[in-house]
Amino acid sequence: DAKTTQPPSMDCAEGRAANLPCNHSTISGNEYVYWYRQIHSQGPQYIIHGLKNNETNEMASLIITEDRKSSTLILPHATLRDTAVYYCIQSRNPAAQKLVFGQGTRLTINP
Amino acid sequence: NAGVTQTPKFQVLKTGQSMTLQCAQDMNHEYMSWYRQDPGMGLRLIHYSVGAGITDQGEVPNGYNVSRSTTEDFPLRLLSAAPSQTSVYFCASRPGTGMFYSNQPQHFGDGTRLSIL
């Protein structure tokens, strides 16, 4: 299975930028990197995705290295509501979109 | 717009009982899937469907059956519940499959919390 590697936990101060790293050294040329988060026990929420260019939306920015073996999710001004488990996923099979979830990074935003 | 709706939200079963977890989406999405999440772990794919009448197995299909008679509904059946099936179950959907849809994210329901005694 195509698995990514993330730190199990991180802390960030409220109002600061939260930078969440992810290694995906086995990613192939047509696979995307997706980020989802899960707040408490809710269903996972889509954040952002990218192929090789950096991406930005209203929630976050995604920085992908030139060799595509790693990426960083950036929450520019973290709030307490951003406390969640963040999952970095490389799409194992783009055609079927079977997402393979690892254990993610538990991000805690501290006041 | 309701999105992905799962029912029930909570359920307790006895070992050996059968049950159907319901999942419905109102977005006309072709692709639907079921995941389970055990404590402290990520989601694992149980079954998925790429359209009405078509289903396939995921990572952990044993003990579960699915069918897809309509685009909107994708029920998950436990024929004989076992304590190992105690988990939180999530249903998800996305517009379609194939490379044209490969950059479309999945939409998840809020889950069904199932306990098997």
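Going by the structure above, here's the rest.
The structure reproduced in this document is the subject of the present report. (Residues numbered from 1 in each chain as written. Chains lettered and ligands numbered in written order. Predicted model: local features only at pLDDT ≥ 70, side-chain atom pairs only at ≥ 80, totals over all residues. Heavy atoms only, no water.)

For the rest of this paragraph, the subject is the overall build of chain B. Across its full length, chain B carries 0 helices and 11 strands. Counting from the amino terminus, chain B carries its helices and strands in the arrangement β-β-β-β-β-β-β-β-β-β-β. Relative to the globule expectation of 13 Å for 117 residues, the C-alpha radius of gyration of chain B, 14 Å, shows essentially globular dimensions. With the C-alpha coordinates aligned to their principal axes, the bounding extent of chain B is approximately 45 × 30 × 30 Å. Burial analysis of chain B (117 residues in total) assigns 45% to the buried set. Nonlocal contacts in chain B, meaning residues at least 24 apart in sequence, comprise 55% of its contacts between residues at least 6 apart. Element-wise, carbon and sulfur atoms account for 52% of the exposed surface of chain B, whose accessible area totals about 5,300 Å². Counting 8 positive and 8 negative side-chain charges, chain B places the centres of these two groups 9 Å from one another. (Helix = DSSP H or I, 4+ residues; strand = E, 2+ residues; numbered from the N terminus. Rg over C-alpha atoms; globule rule 2.2 N^0.38 Å. Buried < 20%, exposed > 50% of the residue type's maximum accessible area, 1.4 Å probe, protein only. Contact = heavy atoms within 4.5 Å. Areas by Shrake-Rupley, 256 points an atom, 1.4 Å probe, with all protein chains shown as cover. Lys, Arg positive; Asp, Glu negative; His and termini not counted. Charge placed at Lys NZ, Arg CZ, Asp CG, Glu CD.)

Another aspect to go through is the sheet that holds strand 1 (residues 4-7) of chain B. Residues and elements named next belong to chain B. Here we have 4 strands laid out as an open sheet, ordered 1-3-8-7, and antiparallel in their pairing. Strands with a single pairing partner mark the edges of an open sheet, and in this sheet they are strand 1 and strand 7 (64-66). Adjacent strand axes in the sheet meet at a mean angle of 20°, parallel and antiparallel pairs treated alike. In this sheet, strand 8 (residues 76-78) lies alongside strand 7 in antiparallel orientation, the contact comprising 3 bridges. Bridge pairing links valine 66 to leucine 76 in strand 8. (Pairing = 2+ DSSP bridges. Axes fitted to C-alpha atoms, helices over the stretch in contact; angles between N-to-C directions.)

A word on the pairing of strand 11 (residues 112-116) of chain B. Residue and element names in this part refer to chain B. Side chains of strand 11 alternate between two faces, with Thr112, Leu114 and Ile116 buried and Arg113 and Ser115 left unburied. As judged from the 4 bridges shared by strand 2 (residues 10-13) and strand 11, these two strands associate in the parallel manner. Pairing of valine 12 across the sheet is with serine 115, part of strand 11. Of the strand pairs in this sheet, strand 9 (residues 87-94) and strand 11 are connected by 3 bridges, and their pairing is antiparallel. For serine 87, the partnering residue across the bridge sits in strand 11 and is leucine 114.

Here we take up the sheet that holds strand 2 (residues 18-23) of chain A. Strand order in the open sheet formed by 4 strands is 2-7-6-5 (chain A), with antiparallel pairing between adjacent strands. Because the sheet does not close on itself, it has two edges, and the strands there are strand 2 and strand 5 (55-56) of chain A.

With that out of the way, let us pick up the nonpolar core. In this structure, Trp35, Leu73, Tyr86 and Leu107 of chain A are the most contacted members of the largest nonpolar core, which totals 20 residues. Those elements that place two or more of their residues in this core are strand 2, strand 3 (33-38), strand 4 (45-50), strand 6 (61-64), strand 7 (70-75), strand 8 (84-90) and strand 9 (105-110) of chain A. Each residue touching tyrosine 86 of chain A, except ones within four places of it in the same chain, is listed here: Gln6, Leu20, Trp35, Tyr36, Arg37, Ile47, Leu73, Leu75, Gly104, Thr105 and Leu107 of chain A. Val4, Met19, Trp34 and Leu78 of chain B belong to the second-largest nonpolar core, a separate cluster that totals 18 residues. (Core = buried A, V, L, I, M, F, W, Y, C linked by side-chain atoms within 4.5 Å.)

A few words on the pattern of salt bridges. A full pass over the atoms with the stated rule returns 3 salt bridges over all chains. For aspartate 82 of chain A, the salt bridge goes to arginine 37 of chain A, with nearest N and O atoms at 2.8 Å. Of this pair, aspartate 82 of chain A sits in the loop between strand 7 and strand 8 while arginine 37 of chain A sits in strand 3, and the two are 45 residues apart along the sequence. Assessed through its relative accessible area of 10%, arginine 37 of chain A is described here as buried. When the shortest N-O distance is used, the salt bridge between aspartate 38 of chain B and arginine 36 of chain B registers 2.8 Å. Since its relative accessible area comes to 12%, aspartate 38 of chain B is described here as buried. On the basis of relative accessible area, arginine 36 of chain B is assigned to the buried category, the value being 8%. Members of the salt-bridge network, linked through shared partners, are Arg36, Asp38 and Arg44 of chain B. (Salt bridge = Lys/Arg side-chain N within 4 Å of Asp/Glu carboxyl O.)

In short, the description is geometric, and any link to function would need to be established separately.
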